[in-house]
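Analysis of the macromolecular model
What follows is the residue order along each chain.
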Amino acid sequence: MSIDDTLTSQERLAELDRDQLRQLVGLVEYDAGSDPFPLTGWDAVVWAVGNATQAALFHQVVLGMELVAYSGPETGNRDHHAYVLRSGAVRFVLKGGVDPAGPLLDHHRRHGDGVVDVALEVPDVDRCVAHARAQGATVLEEPHELTDEHGTVRLAAIAAYGETRHTLVDRSRYTGPYLPGYVARTGTRVRAADEPRRLFQALDHVVGNVELGRMDEWVDFYRRVMGFTNMAEFVGEDIATDYSALMSKVVASGNHRVKFPLNEPAIGRKRSQIDEYLDFYTSPGVQHLALATSDILTTVDTLRARGVEFLATPDSYYSDPELRARIGEVRVPIEELRSRGILVDRDEDGYLLQIFTKPLGDRPTLFFEFIERHGSLGFGIGNFKALFEAIEREQAKRGNF
Ligand SMILES: [Fe+2]
């Protein structure tokens, strides 16, 4: 079996097979043999939040995730609480500071709630780190091992944009619930009988916002350090509204399992949403996480019933004859999409349905996207303008536009 066919431990646990994964996140064939930085897939998204204990409840009760592991003062970790949550193959680790003088609370003071680590599962940590170092990456943690009664993991970490890092994990010799130092833990929430089993199954892409003029540097970083390729290129005009603009490029791992769109602000008549993010996060960082679902209608209905707010899509979006002609036939009548504010985009490979939440923390920084792919390998470029105009209306309400 080549690396390309390997599922991560989380994907196996979620009982996802290659075909389901291909459908969910849009995988492509590639030559794994010539990959300088082989990776299996996403390992975890690690967050620093202001109140991990409550955020863990939100992720269970509202997002339908399952609590699977925990680390905190009761387990000998006096610095912070950490809750490990799972939905399908998606793993989030929510950390909240306990030690008033600890680094986690410092991070939170600077950035607010945000993603500190986009961890990736790799078959050979040392090979990846050697390649990354040779390409000029900053190695934050040298390869090392952690062991407990469930086995051994080998880990290292490299620096990405802002204070974001990529931990590289080889967990092939480990069977524990997350990492040594964590204990298995389940939540006490009782699921309703008619509740969907899960609202999202896989992580599709993680978007980074970087400073003006630095997008190409980071595109180059992922190409050199991780052997990623440019997936698509949107520049300037494509995603400018009358007022603000941004530039965006997408890099992806060989089989597209891991996709990183990178945005930078562009000069517009007003402050762009990327500028707003950079001001409030106070550095480059993760802007949104796209979560793949095979039934976006149920996902959106369930989340909305639980109080999640989505960006409003202008009604004109659905009545626009140009859009109607472009999207053609999709799996549900367009009225079903209109009533929920779900966006649709089509390219030469197929179509996708997508929707964006409002920022979920106190600062106008991080938000979620839900995406249902039907062959399209894109990111909804046709929706960018309609979407950004909706974001700008929200920005104006906050007085930041
Ligand atoms: Fe996205």
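Residues numbered from 1 in each chain as written. Predicted model: local features only at pLDDT ≥ 70, side-chain atom pairs only at ≥ 80, totals over all residues.

Per an unreviewed UniProt entry, the protein carries the name 4-hydroxyphenylpyruvate dioxygenase and comes from Streptomyces hainanensis. The protein has a UniProt comment under Sequence similarities (unreviewed entry) that states "Belongs to the 4HPPD family." Quoted verbatim from the Subunit (unreviewed entry) field of UniProt, the annotation for the protein is "Homodimer." (UniProt positions renumbered as here; feature names shortened; annotations may be inferred.)

Quick look at the overall build of the protein
Looking only at helices and strands, the protein features twelve helices and 17 strands. Its C-alpha atoms give the protein a radius of gyration of 20 Å, within 12% of the compact-globule value 21 Å for 401 residues. Oriented by its inertia axes, the alpha-carbon framework of the protein measures out at about 60 × 50 × 45 Å. Looking at the protein as a whole, 49% of its 401 residues are labelled buried. In the protein, once contacts between residues fewer than 6 apart in sequence are set aside, the share between residues at least 24 apart is 70%. (Helix = DSSP H or I, 4+ residues; strand = E, 2+ residues; numbered from the N terminus. Rg over C-alpha atoms; globule rule 2.2 N^0.38 Å. Buried ≥ 20, exposed ≤ 12 C-beta atoms within 10 Å, placed from the backbone. Contact = placed C-beta atoms within 7 Å.)

Describing helix α6 (residues 215-226)
Helix length check: α6 (twelve residues) gives 16 Å between terminal C-alpha atoms against 16 Å at 1.5 Å per residue, within 8%. Residues of α6 that are buried in the fold lie against α5 (125-134), β10 (202-209), β12 (245-252) and β13 (259-266). Just beyond α6, the residue with positive phi is Gly-227, at close to 65°. (Expected span 1.5 Å × (residues − 1).)

Comments concerning the domain arrangement of the protein
Structurally, the protein comprises domain 1 (3-184) and domain 2 (202-397). Placing the centre of domain 1 and that of domain 2 at their C-alpha centroids yields a distance of 23 Å. With 37 residues of domain 1 at the contact, the number on the domain 2 side is 40 residues. At the level of secondary structure, the elements contributing two or more residues to the side of domain 1 that touches domain 2 comprise α2 (18-25), β1 (41-48), α4 (103-111) and β5 (114-121). For the side of domain 1 that touches domain 2, the per-class residue count stands at 22 nonpolar, ten polar and five charged. (Domains from an automatic or database assignment. Nonpolar A, V, L, I, M, F, W, Y, C, P; charged D, E, K, R; others polar.)

Some thoughts on the UniProt feature "binding site: Fe cation" (unreviewed entry) in the protein
Per the UniProt entry, the sites bearing "binding site: Fe cation" (unreviewed entry) are His-205, His-288 and Glu-369 in this numbering. These annotated residues cover 165 residues of sequence, but their C-alpha atoms sit close together, with the largest distance between any two at 9.3 Å. With respect to the element layout, His-205 can be found in strand β10. If near-sequence neighbours (up to four positions away) are discounted, His-205 is found in contact with Lys-259, Phe-260, Pro-261 and Ala-290. For Glu-369, the position within the fold is in strand β17 (residues 367-374). Classification of Glu-369 by C-beta neighbours within 10 Å gives buried; the count is 22.

Topic: the nonpolar core
Trp-47, Tyr-83, Val-84, Leu-94, Leu-168, Ala-202 and Leu-291 are the most contacted members of the largest nonpolar core, which has 111 residues in total. The residues contacting Leu-168, other than those within four sequence positions of it, are Leu-120, Val-122, Val-125, Cys-128, Val-129, Leu-155, Ala-156 and Ala-157. (Core = buried A, V, L, I, M, F, W, Y, C linked by C-beta atoms within 7 Å.)

So, the pairing of strand β2 (residues 66-71)
Note: β2 against strand β3 (residues 80-87), five bridges, orientation antiparallel. Bridging from a neighbouring strand, Ser-71 pairs with Ala-82 of β3. When β2 meets strand β9 (residues 183-184), the two strands line up antiparallel, connected through two bridges. When the bridges of β9 are listed, Tyr-70 appears paired with Val-183. (Pairing = 2+ DSSP bridges.)

Let's talk about the sheet that holds strand β4 (residues 90-97)
Strand order in the open sheet formed by nine strands is β6-β7-β8-β5-β1-β4-β3-β2-β9, and the pairing between neighbours is mixed. Looking along the sheet, the strands with just one partner apiece sit at the ends: β6 (139-148) and β9. Inspection of the sheet shows β3 paired to β4 by eight bridges, in the antiparallel sense. The partner of His-81 across the bridge, within β4, is Gly-96. Across the sheet, α4 is in contact with β1, β3, β4 and β5; its angle to β4 comes to roughly 100°. (Axes fitted to C-alpha atoms, helices over the stretch in contact; angles between N-to-C directions.)

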